[in-house]
Amino acid sequence: MISLDEFYRALKAFRPLPDPSQRAAIEAPPEAGLFIVAGPGSGKTTCLTLRMLKLMMVDDVPPRGILATTFTVKAAEELRSRLLGWGFRLIDQLKADATVSAQAKSQLADLDINQVYTGTLDSLCERLLRDHRTPGTHPPMLADDFVGKTLLMRNGLLPDKRYEDDALNQFFLDLHGGNKFGFHIGTKGNLLQGLWDRRHQDLVDWDDFLASSPVAEKPARAVLTDALSDYEKVLKDRHMVDFAMLEYEVLKRLRAGSLHEFTQDLRVVLVDEYQDTNLLQEQIYFEMAKACDGALGVVGDDDQSLYRFRGATVNLFRDFAARYADVYGKAPLPVYLSANYRSTKSIVEFVNQFAELDTAYQSVRVAGKPRLTAGPKAKDGLPVLGMFRDNVEDLASDLADFVHAVFRRTGYKISPTSNVKADPVKGDVGDCALLCSSPADYSSGGNARLPLLLKEKLAAMDPPIEVFNPRGQDLSKIELVAIFGGLLAECIDPGAAVQSTFFLTQDAQHTLNTWRAAAIGFLEGGHAPAGLYDYAVAWASRDPKRHGYAWPRSLSVIELVYGLVHYLKPLHDDAEGQVYLEAFTRQLGACEQISGFKGRLVYDPANEELSNKSVRDLIRDFLAPIASELVQVDEELIGSFPRNRLSVLSIHQSKGLEFPLTIVDVGSDFKTNHRAHAFKRFPEDGGAPHRMEDLMRVHSALGKEPRSQRDRAIDDLIRQYFVAFSRPQEVLLLVGLKAASHQGRIANVATGYTRDGVPAWNRSKNIQEI
């Protein structure tokens, strides 16, 4: 179609040309296997986009022959946006270029870039089962996380009170780490979900898992199997699949050759964020790439693998070259993207030093991986800053003053010649984020943590600054959620008349009753908006309170939800409230899918039993999962971050994001070397993901993991802070208590301790304290 020179000449008209390493990936032959190790800020999305465009325009690969997947919906949308935006601009530039042949221009005019498939692997699998099903069969319906968790609880844990089974409880407790704090039915449901997912993700031989069980665990594994079997049965009976089953079914069909109609068109397969892939997903990609002679390119960074708790196996990325060669009989082309175009030179060097501190960590990194280098236009930048105080109250006060000075005053002086100040025209507090291991407002002991104290300090300033932290508390315990949930419960089932007649767990019963009391107190406390009391009474009495009108025999509860939202302004005017509302509507959507009443409230005075059954389903499948903490706010519910608020994020949430100013909490919780919080700073053992990994992998082709649970936990903590430290563009501020700082006495991976207890940064001059 066109030459490579013509491609780059058109590209240069609207954006910088790629660097030599990026060009190596972009220009690789279509049939090549690619192993792209992309450090933070190195332009991997740019690289993927330009490779796809080059494949179409230079190598004449048909658009429908290109498949590109990435980890999240948001990342997939960004990739597609760039592909289409840059693709159309390239075509326009080439059509205007007098040196390009008429034939090429005609071919470019006919090029349909929209035919390239970009999306998540799950969206691809869903499409494959829908579009390539056996004639005469119905496509399976996808059960999202809300539906899956609800059915797993309802059909897996609750029957025969399995959640109270002594053997199963001990099995779960061992996975949980033996600590009964926070060990409730929601925790058990999440552990059961994790085991179900890993059973598929690690391609576990379940018969071997049962047959090789230690004698003491046989009763627990039998009950576990019954719970999972009942869950699988209810999904199949409803012609549904959850995400694990969806991918597993696609792998089976690929291996059976029943997706040949799809694979025969494949010419190139590209996978982003491959460091967070599991064995099941790897095998799907390998099977797809067999159809195109191994034209599989993967992009990722082992230092940024954060999702072991979701089944990710980082070794699959680290060892990709060898695993690829075993399948295709040839070596992939390694490409290292190490130029960082995001951060200043001082931040890039700090990130390098952090990654290199721990000698034992180097053995689990990709072999031959180069250090990061600052981009050619990178500024030297400010030194990495540190704010460490004797107690968390003083830390919150001084940190609030820093944020307020930067964004609402004339700046914060860190030296006679250096002042940290937001852009006076475009800048706002949304340019800053506080990253924490957990954004929780309270500790497990009920004490206020830095996120809450900072929020209170900023709110008291003039002018005040608001904080965005929808994950600050468990969803069921948030005051607004309690009032909203209680109003819903009272409107659907006044006085818990139906709730008290069927089985619910004690946790769910207690929370629902607490919600009801909060709602009644709100209505009777004199602060409720005008009209809300009458609206709630009308629903509770099934009386429209209008002459000549009768209450409908069947009414969708979504009308109640949005009717109440009209009176509760924070649910539609406030960014955090919108997230909470999304959780309720998603769970109501799950109820609509699995309940025989489709999320509707039946009112039939002549058939009270039918009416009560509709109420029961709404309590059980809509409100109880939220009340029992099975439903929580995660990154999927948070669409964007408000520009006028300081965002508080977990480090996992920050993956893929960048901020001009990034504050990283490296130790505001650590006053002493107490073992209770060792897992967050200097692990003595593994966590639930590592225990689950060891439990399942020995019954899988992955085999026994050679590294100890403690080593893997420390590896994961290094990766977590590597991600956090590489988010900022201009300023990185580390905050914590003095005892946990780089000069403190508390062992803390985030402040430079190696796994053998050596404080490598004890006298570091790379951190300027303020």
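In short, a report on the structure.

A few points about the packing of aromatic side chains
We describe a pair of aromatic rings using the distance from one ring centre to the other and the angle between the two ring planes.
Thinking step 1. As enumerated under the stated definition, the model contains 29 aromatic pairs in all.
Thinking step 2. Aromatic side chains F171 and F172 sit 6.3 Å apart centroid to centroid with 50 degrees between the ring planes, which places their arrangement in the tilted category. Here F171 matches F172 in class, with each residue buried.
Thinking step 3. A centroid spacing of 5.9 Å and a plane angle of 50 degrees characterise the contact between F354 and W761, whose relative ring orientation is tilted. Placement of the pair is F354 in helix 17 (residues 345–356) and W761 in the loop between strand 20 (728–737) and strand 21 (767–769), with a sequence separation of 407 residues.
Thinking step 4. Under the relative-accessibility criterion, F354 is labelled buried at 4%.
Thinking step 5. By the ring-pair criterion, three or more aromatic residues cluster together here, those being F35, Y274, Y285, F286, F317, F320, Y324 and Y328.
Thinking step 6. Stacked on the ring of Y549, the Lys or Arg R546 has its end atom at 4.2 Å from the ring centre.
Thinking step 7. Its end group placed over the ring of F682, R710 keeps NZ or CZ at 5.3 Å from the ring centre.

Description of the sheet that holds strand 20
Thinking step 1. Here seven strands make up an open sheet; going across it, the order is 15-18-14-19-20-11-21 and the pairing parallel. Of all strands in the sheet, those with a lone pairing partner are strand 15 (466–468) and strand 21, marking the two edges. Strand-to-strand twist across the sheet, computed as the mean angle between neighbouring axes with direction ignored, equals 30 degrees.
Thinking step 2. In this sheet, strand 18 (residues 645–650) lies alongside strand 14 (residues 432–436) in parallel orientation, the contact comprising four bridges. Pairing of A433 across the sheet is with S647, part of strand 18.
Thinking step 3. Together, strand 11 (384–389), strand 20 and strand 21 form the strand contacts of helix 17, whose direction differs from that of strand 20 by roughly 55 degrees.
Thinking step 4. Most of the contacts of helix 26 (residues 575–594) go to strand 15, to which it runs at about 25 degrees, and overall it touches strand 15 and strand 18.

Basis of the calculations
- Every residue gets a number counted from 1 within its own chain, in the order that chain's sequence is written.
- Under the rules for a predicted model, residues below a pLDDT of 70 receive no local features and side-chain atom pairs below 80 are neither given nor counted, while totals for whole chains, interfaces and linings still include all residues.
- For side-chain calculations, the full set of non-hydrogen atoms in the structure is used, while hydrogens and water are omitted.
- Ring pairs shown here join Phe, Tyr and Trp side chains whose ring centres sit within 6.5 Å, with only the six-membered ring taken for Trp; geometry is labelled stacked below 30 degrees between planes, edge-to-face above 60, and tilted in between.
- Think of it in three bands: with a 1.4 Å probe and only protein chains considered, a residue is buried below 20% of the maximum accessible area for its type, exposed above 50%, and partly exposed in between.
- To qualify as a helix, a DSSP run of H or I must reach at least 4 residues; to qualify as a strand, a run of E must reach at least 2; elements of each kind are numbered from the N terminus.
- In this analysis the charged atom, NZ for Lys or CZ for Arg, is taken to sit over a ring once it is within 6 Å of the ring centre and within 35 degrees of the ring normal.
- Here the rule is simple: two strands pair whenever DSSP picks up at least two bridges between them.
- Convention adopted: a line fitted to C-alpha atoms gives each axis, helices being fitted over their contacting stretch, and angles between N-to-C directions are expressed from 0 to 180 degrees.
- Here, residues are in contact when the closest pair of their heavy atoms is within 4.5 Å.

Just geometry here; none of it tells us what the structure is for.
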